[in-house]
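# Fold and contact review
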Amino acid sequence: MPEPFVTAIRLDRERIENAEAFPFSLPCVRNLDRLELDPQITFLVGENGVGKSTLIEAIAVALRFNPEGGSRSFNFATRESHSVLHEYLVVERTPRRMLDGFFFRAESFFNVATELENVGVVRSYGGRSLHEQSHGEAFMSLLEHRFNGGGVFVLDEPEAALSPSRQLTVLRMFHDLLKEASQFIIATHSPILLSYPGARIYHVSPHGIERVVYEDTEHFQVTRDFLAAPERMLRVLLSDDEE
Ligand SMILES: Nc1ncnc2c1ncn2[C@@H]1O[C@H](COP(=O)(O)OP(=O)(O)OP(=O)(O)O)[C@@H](O)[C@H]1O
Ligand SMILES: [Mg+2]
């Protein structure tokens, strides 16, 4: 296995002036010290609002990606929304040079698509403007045409637009990119994506960031229990009895 690009992320706590201000006030940042990354895929999972996007974005910006997404050569900004967390992150890197890379965030994919049109590189996305494709088609195009091996891919909810079968296709695409020595850091809610064999999964919660195995994630358990007996869960969930 080739060496990874990034081995860990560390928070330089000494330099933080106001620990009570966002983003340092987020419980997961308060408890962050050093996060070791998998040489292949690291996932961040956890409840809505715990700080996964804040962390992912800071990691991406510390790796010199544009905060709104894109490759490392993108530098457009439609709004200055990113936190200052990246300034306090120390990226532990190997000397390996990145040949490719992309920061994808479901939240600002629209703006990335506009930027791609502005810089006139529609051809490298399958010849059709991403705006003329459906949300899921546009994401698949991006993946097919713009993700190459030997890079770091930082993705925030890549499953957002995808049907379950397309998520399986994406797993296969990740697998091929990994064979070409890539590294992924992904925030997700998808029990399908999380299943990638051997991936390192971190559960982000108000108590901090902890490593978990796939079968212990809420995503796996809730989905499994629901699909095993939807009628039983729905009966409880939709019950009007107040007991
Ligand atoms: N600029 C900001 N100032 C203050 N609080 C913020 C700011 N941006 C985000 N937050 C808060 O930080 C928390 C973490 O947000 P974040 O987007 O990182 O969550 P998340 O784990 O990615 O959630 P989701 O699963 O819903 O995407 C939220 O409670 C959010 O309201
Ligand atoms: Mg998020």
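What this report covers is the structure whose coordinates are included nearby. The numbering scheme is per chain: residues are counted from 1 as the chain's sequence reads. Lettering for chains starts from A, numbering for ligands starts from 1, and both go in the order in which the items are written. The model is predicted, so local features are restricted to residues of pLDDT at least 70 and side-chain atom pairs to those at 80 or more, both for listing and for counting; the totals for chains, interfaces and linings are taken over all residues. The basis for every side-chain value is the complete set of heavy atoms in the structure, and neither hydrogens nor water enter the calculation.

### Quick word on the packing of aromatic side chains
- Note on ring pairs: Phe, Tyr and Trp rings are taken, using the six-membered ring of Trp, and paired if centres are within 6.5 Å. Classes follow the plane angle, with under 30 degrees stacked, over 60 edge-to-face and the rest tilted. On inspection of all chains with the given rule, the structure shows seven aromatic pairs.
- Between the aromatic rings of phenylalanine 174 and phenylalanine 184, the centroid separation amounts to 4.5 Å while the plane-to-plane angle is 40°, which identifies the pairing as tilted. Remark: phenylalanine 184 occurs in strand E7 (residues 183-187) and phenylalanine 174 occurs in helix H5 (residues 164-179); sequence separation between them is 10 residues.
- Exposure categories follow from relative accessible area, calculated using a 1.4 Å probe and restricted to protein chains: below 20% of the type maximum is buried, above 50% is exposed, and the middle band is partly exposed. The exposure class assigned to phenylalanine 184 is buried, which follows from its relative accessible area of 0%.
- Taken together, the ring pairs in this structure connect Phe102, Phe147, Phe153, Phe174 and Phe184 into an aromatic cluster. The way it works is that DSSP assigns letters per residue, a run of H or I at least four long becomes a helix, a run of E at least two long becomes a strand, and they are numbered from the N terminus.

### Quick word on the sheet that holds strand E8 (residues 200-205)
- Whether two strands pair depends on DSSP finding at least two bridges between them. Strands sit in the order E5-E6-E7-E3-E8-E9 across an open sheet of six strands; the sheet is mixed. Edge positions in the sheet fall to strand E5 (100-105) and strand E9 (208-212), since each of these pairs with one other strand and no more. In this sheet, adjacent strand axes meet at a mean angle of 15° when their direction is disregarded.
- Running over the sheet, H5 touches strand E3 (41-45), strand E6 (151-156) and E7 and is turned about 145° from E7. A fitted line through C-alpha atoms serves as each axis, taken over the contacting stretch for helices, and the angle formed by two N-to-C directions is quoted from 0 to 180°. We call two residues in contact when some of their heavy atoms are within 4.5 Å.

### Remarks on the sheet that holds strand E4 (residues 89-93)
- Spatial strand order, E2-E1-E4: three strands in an open sheet with antiparallel pairing. Of all strands in the sheet, those with a lone pairing partner are strand E2 (34-36) and E4, marking the two edges. For this sheet the average axis-to-axis angle between neighbouring strands, irrespective of direction, equals 20°.

### Topic: the site of ligand 1
- Residues are labelled near a given molecule or strand when at least one of their non-hydrogen atoms is within 4 Å of it. Neighbouring residues of ligand 1: Phe22, Leu26, Glu47, Asn48, Gly49, Val50, Gly51, Lys52, Ser53, Thr54, Glu157 and His189.
- Pairs of N or O atoms within 3.5 Å make up the polar contacts considered here, provided that, within protein, one atom can donate a hydrogen while the other can accept it, and that residues adjacent in sequence are counted only when both atoms are side-chain atoms. Here lysine 52 contributes a side-chain N or O atom positioned 2.7 Å from an oxygen atom of ligand 1.
- Within the contact set of ligand 1, an oxygen atom lies 2.9 Å away from a side-chain nitrogen or oxygen of histidine 189.
- Side-chain classes are defined by residue name, with Ala, Val, Leu, Ile, Met, Phe, Trp, Tyr, Cys and Pro counting as nonpolar, Asp, Glu, Lys and Arg as charged, and the others, Gly among them, as polar. Residue composition of the shell around ligand 1, by class: three nonpolar, six polar and three charged.

### Some points on H5
- Multiply 1.5 Å by the residue count of a helix minus one, and that product is the helix's expected span. Between its terminal C-alpha atoms H5 stretches 23 Å, which fits the 22 Å expected from 16 residues at 1.5 Å a residue.
- Here H5 has its buried residues at Gln167, Val170, Leu171, Met173, Phe174, Leu177 and Leu178. In an axial view of H5, the angular spread of the buried residues amounts to 165°, which keeps them on one side of the axis. Away from its buried face, by an angle of more than 90 degrees, H5 presents the exposed residues Ser165, Leu168 and Lys179. It is the directions from the helix axis to the C-beta atoms whose arc is reported.

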